[in-house]
Amino acid sequence: MTRDSLTPFMSKGNESAISPRRGEDFPEWYQQVVRSAEMAENSEVRGCMVIRPWGYALWERMQGALDAMFKATGHKNAYFPLFIPLSHLQKEADHVEGFAKECAVVTHHRLELHDGKLVPAGELTEPLIVRPTSETIIGATYAKWVKSYRDLPILLNQWANVVRWELRPRLFLRTAEFLWQEGHTAHETEAEAIVETEKMLGVYGEFAENWLAIPVIRGEKSESERFPGAVRTYCIEAMVQDRKAIQAGTSHFLGQNFAKASGIKFLSRNNTEELAWTTSWGVSTRLIGTLLMAHGDDDGAVMPPRIAATQVLIIPITPKPDTRDAVLAKAEEVAATLRSASYAGEALRVEIDARDLGGGVKSWEWIKKGVPLRIEIGPRDLESRSAAVARRDKGPKEKEFLSVDSLAARVPDLLAEIQQNLLDRALAFRREHTRKIDTKEEFYAYFTPQNSEKPEIHGGFALAHWNGSSEVEAKIKEDLKVTIRCIPEESEEFPIEPGICPFTGEQSARRVIFGKAY
RNA sequence: CGGGGCGUAGCUCAGCUUGGUAGAGCGCUUGGUUUGGGACCAAGAAGUCGCAGGUUCGAAUCCUGUCGCCCCGACCA
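In this text, all values refer to a predicted model and were calculated from it rather than measured experimentally.

Okay, the side chain of Thr290 next. When you line up the elements, Thr290 lands in helix 8 (residues 286–295). On the accessibility criterion, Thr290 (1% relative accessible area) is buried. With residues up to four places along the chain from it excluded, the contact list for Thr290 reads Leu173, Ile214, Ala238, Val240 and Ile246.

Given below as structure tokens:
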């Protein structure tokens, strides 16, 4: 007997569901994960994506959790226009500088048929831009609303789409149109606005870690990475599995820049005319890409239970027609029992996949989609009152048989374990690939791929001293495509310790985080 | 917008050098056998070969133009 004749049962053998694997070609792996998890796909329009139901459900979960956190911190939702008069954008010089190059511009408002072709007609007297962000139009609105210190603070958020005409789109990470939320607040005092900026950064950090199981570094951006028009930009920065950094959320202290540009003025308690202090903060559908790159494995997406749209997927195994109904009934019963249990303060989200397909096919589909727990119930389980339970954070073939009567009690614990495991895993990964570096040579070696023909995954985060100059930053960026991801908030992991800048030999007040970024 | 590559079935691609009228695998549909881990057999549907011109008796194949996509740079959440 040849070896080949022994293997027809395992036609796919030990192959991973996603090809190439992460280590082979990370960008391609990512695209395959997005596609095979049915999260999104490219659309007819360059740079724009179709977010599929499984991807949109994830976004809805993110919206739900964040929205509750915004409300809990005193914010209300509102909606501002998609179109912004061109003249508005012009008011804040840095802002123009930052966004002008990627604005979609609306110049006409009508189409006419000429020789069978539709052509734009009805030219607008003033072109409109499609919002790349809404500081300007919201500022103009706030200017009308604010007359007195009694009108402050204004604490609003909007859920919206924005357009930034990107030249090199990537699903979720960088698309021409994307979904996000943007908070915009106006305050009486500088101190109050700074508190707000920091508070919302805290909200994002908590959300990333507690819900997405993604450890993030809270910090401030250097001048060159700052939001156009901001006085200070804070961020949460995550490391994904190719060891690159991704900015997962930002919070900006805008000082009085936008208030000045938009005329947000009020009469103070001292009867003097003052400019308001404003902030803005946002996260986008980029979080979905971040999540996939942080937790995904060679079999596809891995959803942390707390954010997963479906936490438990029940697969009825129905090999024989005569037991089919009984198995399906048992699956329904188990689903109902589980739905009455809860995890992290919410009822369990349980689905049954009763499609008439082979069990293996269905399992792999849900593995690729990243459902945290799969429960298989077959005819043999009816007798033994058991079910096969598989965790997405373990190997695809690892199954544990549990008594169906224990599921309602056990599943919430399993979900909690998975959630914790994903966070621990991601944190360990980041720590493993974060290094204190004190010489220029080591720094350059760290960020230079061994094989320049086909650059492998290398480097990570470097904790290095820096003299604070933009020139040094620019030089490093030019040489290595490495930038300062953030100046981290002081913590046990990132203590403030003075030293010597390895690039200039000058004094440095503290280490900052360098890395390659998305 | 600069440099490189590629457009052939839903997807991945072969065919092109040397023109002769459309192929494979996967997927899909139907029927049967299967089903506790990506099943098998049989039958079937599916492409104006990116688009427009040109050369030719004849173009997926050669020529010109054009559009789109991907990768590398510049820019960015």
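Having put the structure on the table, let's press on.
Time to look at the packing of helix 2 (residues 53–72) against helix 6 (residues 190–211). The N-to-C vectors of helix 2 and helix 6 enclose an angle of 140°; their axes lie 11 Å apart at closest approach. Here helix 2 is positioned oblique relative to helix 6, judged by the angle of their axes. Considering how the two elements wind past one another, helix 2 and helix 6 form a crossing that is right-handed. Only Met200, Val203, Tyr204, Glu206, Phe207 and Trp211 of helix 6 make contact with helix 2, whose side of the interface consists of Arg61, Met62, Ala65, Leu66, Met69 and Phe70.

Turning our eyes to something else, we now look at the domain arrangement of chain A. We note that the domain assignment places domain 1 (26–295), domain 2 (312–421) and domain 3 (434–515) within chain A. Domain 1 and domain 2 are separated by 39 Å when their C-alpha centres are compared. Contact with domain 1, which involves nine residues of that partner, is made by seven residues of domain 2. Summing the contributions of domain 1 and of domain 2, the shared interface buries around 700 Å²; its carbon and sulfur component is 47%. It is Ser36, Trp54 and Arg61 in domain 1 that bury the most area against domain 2; as a group they hold 58% of the surface buried on that side. Put simply, domain 1 and domain 2 have two salt bridges between them. Two residues, Glu346 and Arg61, come together in a salt bridge whose shortest N-O distance is 2.9 Å. Listed by contribution, the elements that provide at least two residues to the side of domain 1 that touches domain 2 are helix 2 and helix 6.

The next subject is the protein's contact with RNA strand B. Of all residues adjacent to RNA strand B, which total 38 residues, the nearest are Arg168, Arg286, Asp381, Lys399 and Lys481. When the atoms of RNA strand B within 4 Å of the protein are sorted by group, sugar and phosphate make up 40%. A distance of 3.3 Å separates a base oxygen of RNA strand B from a polar backbone atom of Ser16. Here a base nitrogen of RNA strand B and a backbone polar atom of Pro396 are 3.2 Å apart. Elements with a minimum of two residues in the surface near RNA strand B: helix 10 (359–369), strand 19 (373–377) and helix 11 (379–384). The element best represented in the surface near RNA strand B is helix 10, accounting for six residues. A per-class count over the surface near RNA strand B returns 13 nonpolar, nine polar and 16 charged.

Take the sheet that holds strand 20 (residues 386–391) next. The strand order across the open sheet built from five strands is 18-15-19-20-21, with neighbouring strands paired in mixed fashion. Strands at the two margins of the open sheet, each flanked by one partner only, are strand 18 (350–352) and strand 21 (400–403). Ignoring which end each strand starts from, the neighbouring axes of this sheet average 30° apart. In this structure, strand 15 (residues 312–316) lies alongside strand 18, joined through three bridges in parallel fashion. Bridge pairing links Leu313 to Glu351 in strand 18. Running at roughly 10° to strand 20, helix 12 (residues 407–432) makes contact with strand 15, strand 19, strand 20 and strand 21 of the sheet.

Conventions used here
- Residues numbered from 1 in each chain as written.
- Chains lettered and ligands numbered in written order.
- Predicted model: local features only at pLDDT ≥ 70, side-chain atom pairs only at ≥ 80, totals over all residues.
- Heavy atoms only, no water.
- Helix = DSSP H or I, 4+ residues; strand = E, 2+ residues; numbered from the N terminus.
- Buried < 20%, exposed > 50% of the residue type's maximum accessible area, 1.4 Å probe, protein only.
- Contact = heavy atoms within 4.5 Å.
- Axes fitted to C-alpha atoms, helices over the stretch in contact; angles between N-to-C directions.
- Parallel < 35°, antiparallel > 145°, perpendicular 65-115°, else oblique.
- Left-handed = near helix turned anticlockwise from the far one by under 90°.
- Domains from an automatic or database assignment.
- Buried area = accessible area lost by both parts, 1.4 Å probe.
- Salt bridge = Lys/Arg side-chain N within 4 Å of Asp/Glu carboxyl O.
- Near = heavy atom within 4 Å.
- Polar contact = N/O pair within 3.5 Å; in protein donor to acceptor, adjacent residues only side chain to side chain.
- Nonpolar A, V, L, I, M, F, W, Y, C, P; charged D, E, K, R; others polar.
- Pairing = 2+ DSSP bridges.

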